[in-house]
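# A closer look at the structure
Each chain, written out:
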Amino acid sequence: MALPSKVKIVEVSPRDGLQNEQVFIDTSVKAELINRLADAGFVNVEAASFVSPKWVPQMADGAQVMAAINRRPGTIYSALTPNMKGFENAIAAGVDEVVIFGAASEAFSQKNINCSITESIQRFEPVAEAAKNAGIRLRASISCALDCPYDGPTDPKTVADVVKRMLALGCDEIDIADTIGTGTPTRVDRVMKTVSELADPSIFSGHFHDTYGQALANIYAAMQAGISIFHSSVAGLGGCPYAKGATGNVATEDVLYMMHGMGVHTGIDLDSVVDTGQWISEKIGRRADSRAGNAIAAKKS
Ligand code: HMG
Ligand code: MG
């Protein structure tokens, strides 16, 4: 399939990128990160997580973060909501899109959200209904769509089963997530084509962690399979607390460099994202994990 002429990049660093940081990051830093990203042109920023603060302490200030940001008109600010409690807190904080998050593997579902896949869908049902009633966008994320750190390789048919259940809940968008970054392009092609038999490919996104350095190749494969939404994290920040050794999402700077180099429109200013990647890395005391970002920053200095 021909490459899309434009893609939507969902910037997930304020949530996926920061959730695993051990030292608490000030609310003002989180808010500035979100503001910088929205100003750079992202139309969708994953801003917060309304989960148990005992499970993920770094995300405990979601409401304060939402209150501190400048709401850029047209930007969708999303947040993770695993249950009704999360949903109610997210709505009170003024999020534009709620994200229910499940898994295509039983073991990961238990470790991450403390219930089976079937129980998770039961928890999502009222969230989905409430989102529809409130006229809020509903997204679903499916972890371990390629491999599970506990159960091994995931059969694309299992992913398709979970997709069917998410579609039945009325999800507007569904993330196919490679949580531990072990997927390779031919397997990404297979899973994307399998799920695209259930709904238009335009509703699926690729959420690829870059642990094994496969994410850009996987994005390219997904684009050839008809996918046009991708998640990325500035400076490659991130990791999942319930997937040992999993590193960050693919770095936004690398994705933008590749897209723009291929003439694929993103609407995002790469230069300003590079600056933000260097800024946030300095704030949290590490070197930015983006090849393109560091190369561009070195040229500038
Ligand atoms: P649980 O213990 O089964 O829930 O946790 P519970 O309903 O029995 O409640 C236990 C306690 O948690 C209670 O408090 C509740 O009030 C509280 P206590 O009475 O003990 O003081 N609680 C909450 N507090 C705040 N907000 C809430 C909430 N719900 C319950 N929403 C739960 C179930 C899902 C809440 C828990 O397992 C949890 O928070 N897990 C965190 C999951 C998480 O955030 N993981 C990382 C994000 S997912 C990810 O990174 C993957 C992704 O990037 C895609 C990919 O790469 O694969 C999306
Ligand atoms: Mg993730």
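That block above? That's the structure.
The following paragraphs examine the structure supplied in this document.

## As for helix 8 (residues 185–195)
Each full turn of the α-helix corresponds to 3.6 residues, which orients residues three or four apart in the same direction. Of all the residues in helix 8, the buried ones are Val188, Val191, Met192 and Val195. All buried residues of helix 8 lie within an arc of 100 degrees about the axis, which places them on one face of the element. Tucked into the core, helix 8 has its buried residues touching helix 7 (156–168), strand 8 (173–178), strand 9 (204–208) and helix 9 (215–224).

## A look at the packing of helix 6 (residues 117–134) against helix 7
Between helix 6 and helix 7, the least distance of the axes is 11 Å, while the angle of their chain directions is 15 degrees. Judged on the interaxial angle alone, helix 7 and helix 6 are roughly parallel. Like other packed secondary-structure pairs, helix 6 and helix 7 cross with a definite hand, here right-handed. Here Ile117, Thr118, Ile121 and Phe124 of helix 6 come into contact with helix 7, specifically with Val162, Arg165 and Met166.

## Quick word on the environment of Arg291
Mapped onto the fold, Arg291 is located in helix 12 (residues 291–300). Remark: the alpha-carbon pair of Arg291 and Pro73, spanning 218 residues in sequence, is separated by 31 Å.

## Considerations on the side chain of Arg15
In this structure, Arg15 sits in helix 1 (residues 13–17). The exposure class of Arg15 is buried, given its relative accessible area of 8%. Ignoring anything within four residues of it in the chain, the contact list for Arg15 reads Glu46, Ala48, Ser49, Met59, Leu80 and His207.

## Looking at the coordination of the magnesium ion (ligand 2)
Here the magnesium ion (ligand 2) is held by Asp16 (OD), His207 (NE2) and His209 (NE2), and the distances to it run 2.1 to 2.3 Å. Mapped onto the polypeptide sequence, the residues donating to the magnesium ion (ligand 2) form the spacing pattern D-x190-H-x1-H. Note on accessibility: His207 and His209 belong to one class, buried.

## Structural notes on the sheet that holds strand 10 (residues 229–232)
Taken in spatial order, the eight strands line up as 1-2-3-4-5-8-9-10 and close into a barrel, and their pairing is parallel. Taken pair by pair, the neighbouring strands of this sheet meet at an average axis angle of 30 degrees, ignoring direction. Judged from the five bridges that link them, strand 8 and strand 9 form a sheet pairing that is parallel. Bridged to Asp178 within strand 9 is Phe208. Across the sheet, helix 8 is in contact with strand 8 and strand 9; its angle to strand 9 comes to roughly 155 degrees.

Parameters and conventions
- Residues numbered from 1 in each chain as written.
- Chains lettered and ligands numbered in written order.
- Predicted model: local features only at pLDDT ≥ 70, side-chain atom pairs only at ≥ 80, totals over all residues.
- Heavy atoms only, no water.
- Buried < 20%, exposed > 50% of the residue type's maximum accessible area, 1.4 Å probe, protein only.
- Helix = DSSP H or I, 4+ residues; strand = E, 2+ residues; numbered from the N terminus.
- Arc of directions from axis to C-beta.
- Contact = heavy atoms within 4.5 Å.
- Axes fitted to C-alpha atoms, helices over the stretch in contact; angles between N-to-C directions.
- Parallel < 35°, antiparallel > 145°, perpendicular 65-115°, else oblique.
- Left-handed = near helix turned anticlockwise from the far one by under 90°.
- Donors = N, O, S within 2.8 Å, 3.2 Å for Na, K, Ca; no water.
- Pairing = 2+ DSSP bridges.

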